[in-house]
Amino acid sequence: MQITEVGISVVANPYSEMVTAGVKGGRAAHDIVFLEIKTDADLVGHSFAWGGRSGQATAHLIASIIRPLLIGQDPLDREKLWQDVRRMDRWWGFLPIYAHGPVDVALWDLGAKAAGLPLYRFLGAYRNKLPAYASSLILPTADAFVEQALQYRGAGFRAYKIHPWGDPSRDIEAYRALRSELGSEMVLMSDPVAGYNQQQALRIGRELERLNYYWFEEPLSDYDLYGYQELCRALEIPIAGVESTPGGLFGATQYLTQRAVDIVRSDVSWKGGVTGLMKTAALCEAFGVNCEVHTTTNALLDIANLHVSCAIRNCEYFEILIPQEPFSFGVKNPIKIDSEGYVHVPVGPGLGAEIDFDLLDNNLICKV
Ligand SMILES: [Mg+2]
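The structure displayed is predicted, hence computed values, not measured ones.

Engineer: Where do I start with helix α6 (residues 168-182) in this structure?
Structural biologist: Residue pairs three or four apart in sequence face the same way in an α-helix, which turns once every 3.6 residues. Over its 15 residues, α6 extends 21 Å from the first C-alpha to the last, a length consistent with the 21 Å expected when each residue adds 1.5 Å. For α6, the set of buried residues is P168, D171, I172, A174, Y175, A177, L178, R179 and L182. Looking at the buried positions of α6, the neighbouring elements they touch are α5 (142-154), β5 (159-162), β6 (187-190) and α7 (198-210). G183 lies just past α6 and shows a positive phi near 80°.

Encoded structure:
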């Protein structure tokens, strides 16, 4: 089998306005880049890439740098293709972290389809469901977080993660309000997205311990290895990090060996696809550390994240950003929770996604 064509389309997110106010730094372009890896065997692998600040920029990077490496290759040689891209990028630093992973996801979709298996079984299944948590955007008030958490608990979620403002005194108010209004049963996590300095993170971490939060995620910038090491020494609450550490899998190694993180955050986009995420999960497992898979904010990559989560043991929760619509458009079978708060992995071949081709066509910005 040979790769004959790599289709790359930039698609506007019809729900973009719903999330502009809830994302740090204002408007992130929520375009997606739709990838179609076509073969001479009539099999097609699909994926969405994250648009970052510009879907067109991501599309052109993939088109200019990765597409020429793929044409004429056997799509089942996933490890070779992964190493080819990584080697080139290691030497020259051409690619942002979110450009490679989606291509690898499309190759895994194709490979699992060729085998006639859902991806999680193609990888080697461990389970077919896991509990989900509702993950907020940034909301205007502490009361708004409480109201949202209550609403989603009513819908079946047993866990809620707040993305607060990154202002310690305001954040503490929201942390306390959530615990007092949601009660002791609800699992709560915090992710200030690098919102604190080291002193603030220590103070907030102690408060989160008092409030029995489940984990404290990305309190500092991911590059602050020393700061993370100090926090892990000082606090009992598990510290989660390494979501966007440069070097992906290889950057995570430093945090594990130096005891600078208790939980490694990973996904298929920023750790180099299914290939990179499976390697990262295995690395973490060897260190006795959980590899908690985080959202990639689009439908196909989150379905890929779910497949990997069901093919590894050392991941406890699945992240669902709320409201879901802006992050799940483009498929007719978006991930949903059941009445007990679990998400179930799709069982069709490959990713098992029912792609909404009409919706993608109707929101097409350009083909590259
Ligand atoms: Mg995070």
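Picking up where we left off.
Engineer: How should I be thinking about unusual backbone geometry in this particular structure?
Structural biologist: Phi is mostly negative for residues that are not glycine, and the peptide bonds are mostly trans. Looking along the chain, the bond that leaves I322 and enters P323 is cis, with omega of -5°. Within the secondary structure layout, P323 lies in the loop between β11 (318-321) and α12 (325-328). Here E218, not a glycine, exhibits a phi torsion of approximately 40°, which is positive. Within the secondary structure, E218 sits in the loop between β7 (215-217) and α8 (225-234).

Engineer: Would you take a moment to explain the pairing of β6 for this structure?
Structural biologist: Two faces belong to every sheet, and in a regular strand the side chains alternate between them. Judged by which residues are buried, β6 turns out to be covered on both faces: V187 and M189 on one side and L188 and S190 on the other are all buried. Across four bridges, β5 lies against β6 in parallel orientation. Its bridge partner lying in β6, I162 is registered against S190. With α6 bridging β5 and the parallel β6, this β-α-β connection has right-handed handedness. With two bridges connecting them, β6 and β7 associate as parallel partners. By the bridge assignment for β7, M189 is matched with W215. Since β6 and β7 lie parallel, the crossover through α7 that links them has a hand, and here it is right-handed.

Engineer: For this particular structure, what's the right way to read the coordination of the magnesium ion?
Structural biologist: Tetrahedral coordination by four donors sets the ideal angle at the metal to 109.5 degrees; octahedral coordination by six donors sets it to 90 or 180 degrees. Listed as protein donors to the magnesium ion are D191 (OD), E217 (OE) and E243 (OE); their distances from the metal cover 2.0 to 2.4 Å. Taken in chain order, the donor set of the magnesium ion reads D-x25-E-x25-E. Here E243 lies in the loop between β8 (239-241) and α9 (249-257) and E217 lies in strand β7, a separation of 26 residues in the sequence. Comparing E217 with E243, the two get one shared label, buried.

Engineer: Mind showing me how you'd approach the environment of P102 here?
Structural biologist: As for its placement among the helices and strands, P102 is situated in helix α3 (residues 97-115). With a relative accessible area of 0%, P102 lands in the buried category. Sequence spacing of P102 and I355 is 253 residues, and the spatial spacing of their C-alpha atoms is 16 Å. Those residues in contact with P102, other than ones at most four positions away along the chain, are L35, S47, F48, A49 and L301.

Engineer: Sorry if this is basic, but what is going on with the domain arrangement of the protein chain here?
Structural biologist: Note: interface size is frequently given as the accessible area lost on complex formation between the parts. Along its sequence, the protein chain is organised into domain 1 (3-116 + 356-367) and domain 2 (121-344). In this assembly, domain 1 packs against domain 2 so that about 2,900 Å² is buried in total across both faces, 72% of it on carbon and sulfur atoms. E79 serves as the salt-bridge partner of K279, at 2.9 Å between the closest nitrogen and oxygen. Joining domain 1 to domain 2, the criterion identifies eight residue pairs in polar contact (both at pLDDT 80 or more).

Engineer: Even after reading the chapter, I still don't get the packing of α5 against α6, so can you show me in this structure?
Structural biologist: Helix-helix packing is characterised by the crossing angle of the two axes and by the distance between the axes. Here α5 crosses α6 at 35°, and the two axes come no closer than 9 Å. Every pair of crossing elements has a handedness; the one defined by α5 and α6 is right-handed. Within the contact between the two elements, α5 uses A142, F145, V146, A149, L150 and R153 and α6 uses E173, A174, A177, L178, E181 and L182. Class assignment for the residues of the contact of α5 with α6 results in nine nonpolar, no polar and three charged.

Criteria and cut-off values
- Residues numbered from 1 in each chain as written.
- Predicted model: local features only at pLDDT ≥ 70, side-chain atom pairs only at ≥ 80, totals over all residues.
- Heavy atoms only, no water.
- Helix = DSSP H or I, 4+ residues; strand = E, 2+ residues; numbered from the N terminus.
- Expected span 1.5 Å × (residues − 1).
- Buried < 20%, exposed > 50% of the residue type's maximum accessible area, 1.4 Å probe, protein only.
- Contact = heavy atoms within 4.5 Å.
- Pairing = 2+ DSSP bridges.
- Right-handed = clockwise from strand over helix to strand, strands pointing away.
- Donors = N, O, S within 2.8 Å, 3.2 Å for Na, K, Ca; no water.
- Domains from an automatic or database assignment.
- Buried area = accessible area lost by both parts, 1.4 Å probe.
- Salt bridge = Lys/Arg side-chain N within 4 Å of Asp/Glu carboxyl O.
- Polar contact = N/O pair within 3.5 Å; in protein donor to acceptor, adjacent residues only side chain to side chain.
- Axes fitted to C-alpha atoms, helices over the stretch in contact; angles between N-to-C directions.
- Left-handed = near helix turned anticlockwise from the far one by under 90°.
- Nonpolar A, V, L, I, M, F, W, Y, C, P; charged D, E, K, R; others polar.

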